[in-house]
Structure formats: C-alpha cells, structure tokens
Amino acid sequence: MAEMNFGGVIETVVTSHEFSLEKAREVLKNETIAVIGYGIQGPGQACNLRDNGFNVIVGQREGKTYEKCLKDGWVPGKTLFSIEEAVQKGTIICMLLSDAGQIAVWPKIKQYLTAGKTLYYSHGFAINWSDRTGVVPPKDIDVIMVAPKGSGTSLRTMFCEGRGLNCSYAVYQDASGKAEEKTIAFGIGIGAGYLFKTTFHREATSDLTGERGSLMGAIEGLLEAQYDELRENGHSPSEAFNETVEELTQSLGPLFGEKGMDWMYANCSTTAQRGALDWAPRFREAIKPVMEWLYYSVKTGNEAQISIDKNSQPDYREKLNAKRCGRLVLLYVNFVLRTTNFFLVHNVGKGMVREGSFPFVFFVPMLISQNEDINIANNIDNNKPVTNCEQL
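Notes on the structure follow. (Residues numbered from 1 in each chain as written. Predicted model: local features only at pLDDT ≥ 70, side-chain atom pairs only at ≥ 80, totals over all residues. Heavy atoms only, no water.)

**Remarks on the side chain of serine 122**
For clarity, the threshold we go by: Segments assigned H or I by DSSP are reported as helices when at least four residues long, segments assigned E as strands when at least two residues long, and all are numbered from the N terminus. Whenever two N or O atoms come within 3.5 Å, that pair is a polar contact, provided that in protein one can donate a hydrogen and the other can accept it, and provided that, for residues adjacent in sequence, both atoms are side-chain atoms. Contacts: residue pairs with any heavy atoms within 4.5 Å of one another.
Tracing the backbone shows serine 122 in the loop between β7 (118–121) and α6 (125–128). Looking at serine 122, its side chain comes within polar contact range of the main-chain oxygen of valine 146, at 2.8 Å. The residues touching serine 122, leaving out its near neighbours within four places in the chain, are Gln45, Leu96, Met145, Val146, Ala147, Pro148 and Glu203.

Given below as structure tokens:
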C-alpha cells in the first residue's frame, strides 16, 4: 500500500499499482456479482466490472430502467433478472438502489442473504442509520463498501478514458476473514483510482454533509444569492449569469480541478486575487455556523430521517423535480439551453457556426443533470447504451 501526505497527515491508500487488476480477478474469480439497481451507480459499476472480466449479473424491476439494461447488453435470463432472483443467484450482492429503494426491498431480499455471501454498498446510509432503515444484515455474511467520489456516469466515463475515480472503502462486518481483500479487489474492478480507507459511519456522515454543503446545496445557494443580487442592482440576466455561473464552470473550475486553488489564483488578475483573498475569510465566517448546524443535523440522523420520509413517498420524484426546477437560475439555464440547442441543431450541420462556439451550452451540469426533458447540445443521452467505451 502507498502513503500519501494530505495536509501534513499521512494516509494509506491503495491503487492498481499495489493491488493489480489480475490480483483482483483472482480474488473474485469464484464470485457472481449481482448488481441490484441500475440507476445512478449501477450502470457504471456493472459495465466496468463486466469490461474488466468479472462475472456480473443485474437485478432490476421492469420499466424504463429495465429497457436501459437491455440497451446496455444485459440479457434476460442470462445476465438480467428480477431483483429477488439476482439476489438468490449472486454471491456478492451490490445494493445500488436509492437509499429509499434499499429500505423498500430489504424485507423481500434478506432471506436470500445466506451464510458466506457478501453484501456490498456504495454508500453507508442504510447500515449507519440501521435503527431508522431497518437494514440489519445477518451475522454470517461479509458487509463491505466501495464508495466512488462521484456519480456512476463519471466512474464510467473516466474508466473509458483510462483514468480512475477516487473511492473510499470500508468493512463493516468480516465473517469470512477475507472481507478487506475482497473490498479492495472490488474497488479495483470498478475502476477506482485511489482507494482511501474509511468506515461506514464516516462515509455516510461526510457524504450527506458534502451533498448538502459545498458539492450541491451550498454552491446552489451561493450562485442564486449572487445572481439575485446582481439582478436586483440592474444587471441583465446574461451578465448576472456570466459573472456567476459561466466563468466559474467554464474558466475557473477547470483550472481548480487541474492543479488546485493556487493554480487558479495564479491564472487570474491581481485585482481578482486581491479581492478573493480579502473576501474568502468573510465568507468562511458567515458560512461556518451554517456548516456546524448542517453537520449536527447529519450526525444526529435528522437529515437521514428527512430523506427517508420524503423519498419513501410514491410521488417523491415528482416533488423533487418540482422543487428543483422552480429555481430562478434553473429556469434561466433551462431557457438558454433550449434556445442554444435549437440554434446549434439548426446551424452546426449547415456550416453556419462552428461546433463549440457556444461554450455556455455545457454549464452547470450539476444543476440540470436530472432535467430529463432537456436535450443538451453535446449529445449526452442518459438513456443511450454503454456496452463499450467507444459509445461514450
């Protein structure tokens, strides 16, 4: 295992250099990996494992997502089954349904988790808050986790590009005495970059904090607040949008992602740097109490209970869509995407405009990725098959 210095703290990490794909195949050679659920994480993990030579089947109820399984090359009766049948056939049961979905199916599948099997997660929610979810695994099975630090789409895309997405891993229950080796092998199999050791509790609490904080909730709140302030002071919608979202996602974000915050600063004007350095501490002090409130709400299980209560309702998805799409910024993004997509579709093919001349068609994927009625102009289709990397 390798060691990495994170801000002065030495952490142990695992990569394919220390734990090869060949070794992972050897560890899992007798396993049947049953991927349960083909929504957010399911396609990426299942297809990566299949492409890496592992024995994979999928369990999915019939419907729109089942059709996607068929498009991705899973064969009914051979590699595609009902959820209950897949759990019966599998030796490693990958619970990749939504958190609410896992709670709903647990009473139907727990009888098939017989001695010697492995229960796998990519999020610690169900196990960490078992007092609320009712998910209590039998004592004679392994319970493990590999949690990609990104969506299943990102995991698949990076895999096809020859890169790996960072993942955390944990063992909750080691009945076989080989659970950790199995976990690392699984992480290598799905295409992990660096594997960082954690616990189910730490992963679950940090994940919910991140989603509600800097990864989604806080950044949406920040963008909306700045956009609104500029509009209220007479700036046009396009100007407010460009200074709030466009420059962040198209210019500064890639610099930050490439080489870090210092690199981003170094590529900005001295005026921008001076102002950012002055205002960053003010934002930190304003935000810190909210983050403390957020973490307390996560740690005490309040956020988990809200998620369980809201997302267990029959119309939960419609309510989520209604609340998400009601934002002023989202509506503006929706409008620009539609009009720009129309322009590109009708003019790129005619040679009237260069493809990529409108970089703002690619902005804010985090805000609009779930809007199924938007046909984004870069031809990304959430329902297209992903049977091989060339199709991405």
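Picking up where we left off.
**Here's the deal with the nonpolar core**
The line we're drawing: Among buried residues, the Ala, Val, Leu, Ile, Met, Phe, Trp, Tyr and Cys ones that are joined through side-chain atoms within 4.5 Å form a nonpolar core. Any residue under 20% of the maximum accessible area for its type is buried, any over 50% is exposed, and the rest in between are partly exposed; the area is computed with a 1.4 Å probe on protein chains only.
By size, the foremost hydrophobic cluster in this structure holds 37 residues, and its most contacted members are Trp74, Tyr120, Phe186 and Leu195. Here this core takes six residues from helix α9 (residues 179–190), the largest share from any one element. By size, the runner-up hydrophobic cluster in this structure holds 25 residues, among which are Ile83, Val105, Trp106 and Ile109.

**Observations regarding the layout of surface pockets**
To keep things clear, this is the line we draw: A cavity here means a set of points on a 1 Å grid, drawn over the protein atoms and nothing else, where a 1.4 Å probe fits but cannot get out; a pocket is an open set with protein on both sides within 12 Å along at least five of seven lines, and a residue lines either one if it has an atom within 4 Å of a point. Grid points are joined across faces, edges and corners, and a volume is the space filled by probe spheres set on the points. Note that Gly is not counted as nonpolar here; it falls among the polar residues with everything else outside the nonpolar set of Ala, Val, Leu, Ile, Met, Phe, Trp, Tyr, Cys and Pro and the charged set of Asp, Glu, Lys and Arg.
Of the volumes computed, that of the second largest pocket is approximately 260 Å³. Together, 14 residues line the second largest pocket, and Ser16, Arg163, Gly164, Ala192 and Gly193 are the ones closest to its centre. In terms of residues, the lining of the second largest pocket owes the most to one element, strand β10 (residues 192–197), which gives three residues. Counted by class, the lining of the second largest pocket contains five nonpolar, eight polar and one charged residues.

**Things to note about the packing of aromatic side chains**
Keep this limit in mind: Think of it this way: a Phe, Tyr or Trp ring, Trp meaning its six-membered ring, pairs with another when their centres are within 6.5 Å, and the plane angle makes it stacked under 30 degrees, edge-to-face over 60, tilted otherwise. As a reminder, the over-ring test applies to NZ of lysine and CZ of arginine, requiring each to be within 6 Å of the ring centre and within 35 degrees of the ring normal.
Evaluated as defined, the whole model comprises seven aromatic pairs. Linked through ring pairs, Phe6, Tyr194 and Phe196 together constitute an aromatic cluster. One residue, lysine 259, lies across the ring of tryptophan 263, its end atom 4.3 Å from the ring centre. The side chain of arginine 282 reaches across the aromatic face of tryptophan 279, ending 4.4 Å from its centre.

**Observations concerning the environment of alanine 240**
Inspection of the secondary structure puts alanine 240 in helix α12 (residues 237–259). Considered as a pair, alanine 240 and tyrosine 227 are 13 residues apart in the sequence and their alpha carbons are 5.4 Å apart. The residues touching alanine 240, leaving out its near neighbours within four places in the chain, are Tyr227, Leu230 and Arg231.

**With respect to the sheet that holds strand β2 (residues 9–14)**
Quick note on the threshold: Two strands pair under a simple rule: DSSP has to find at least two bridges between them.
Strand order in the open sheet formed by ten strands is β1-β2-β10-β9-β8-β7-β6-β3-β4-β5, with mixed pairing between adjacent strands. Looking along the sheet, the strands with just one partner apiece sit at the ends: β1 (2–6) and β5 (80–81).

**Some thoughts on the pattern of salt bridges**
Quick reminder of the rule: A pair is scored as a salt bridge if a Lys or Arg side-chain nitrogen falls within 4 Å of a carboxyl oxygen belonging to Asp or Glu.
A full pass over the atoms with the stated rule returns twelve salt bridges. Glutamate 203 is paired through a salt bridge with lysine 149; the nearest N and O atoms lie 3.8 Å apart. Here glutamate 203, found in helix α10 (residues 200–212), pairs with lysine 149, found in the loop between β8 (142–148) and α8 (152–160); they are 54 residues apart in sequence, far enough to count as distant. Glutamate 203 gets classed as buried once you look at its relative accessible area, which sits at 2%. Arginine 212 is the partner of glutamate 211 in a salt bridge, and the nearest nitrogen-oxygen pair spans 3.6 Å. The class of glutamate 211 is partly exposed, set by a relative accessible area of 31%. One continuous salt-bridge network, built from bridges that share partners, spans Glu211, Arg212 and Glu303.

**A look at a nonpolar patch on the surface**
Note the threshold: Residues enter patches when they are more than 30% accessible in relative terms and free of salt bridges; like-charged ones are connected within 9 Å and nonpolar ones (Val, Leu, Ile, Met, Phe, Trp, Tyr) within 5 Å. In short, Shrake-Rupley with a 1.4 Å probe defines the accessible areas, and a residue's cover is counted only from the protein chains shown.
Residues Leu222, Trp279, Phe283 and Ile287 make up a contiguous nonpolar surface patch of about 410 Å² in total accessible area. Tallying contributions element by element places helix α14 (residues 270–299) first for the nonpolar patch, with three residues. Its place among the elements puts leucine 222 in helix α11 (residues 217–232).

The quantities given are spatial measurements derived from coordinates; they are silent on function.
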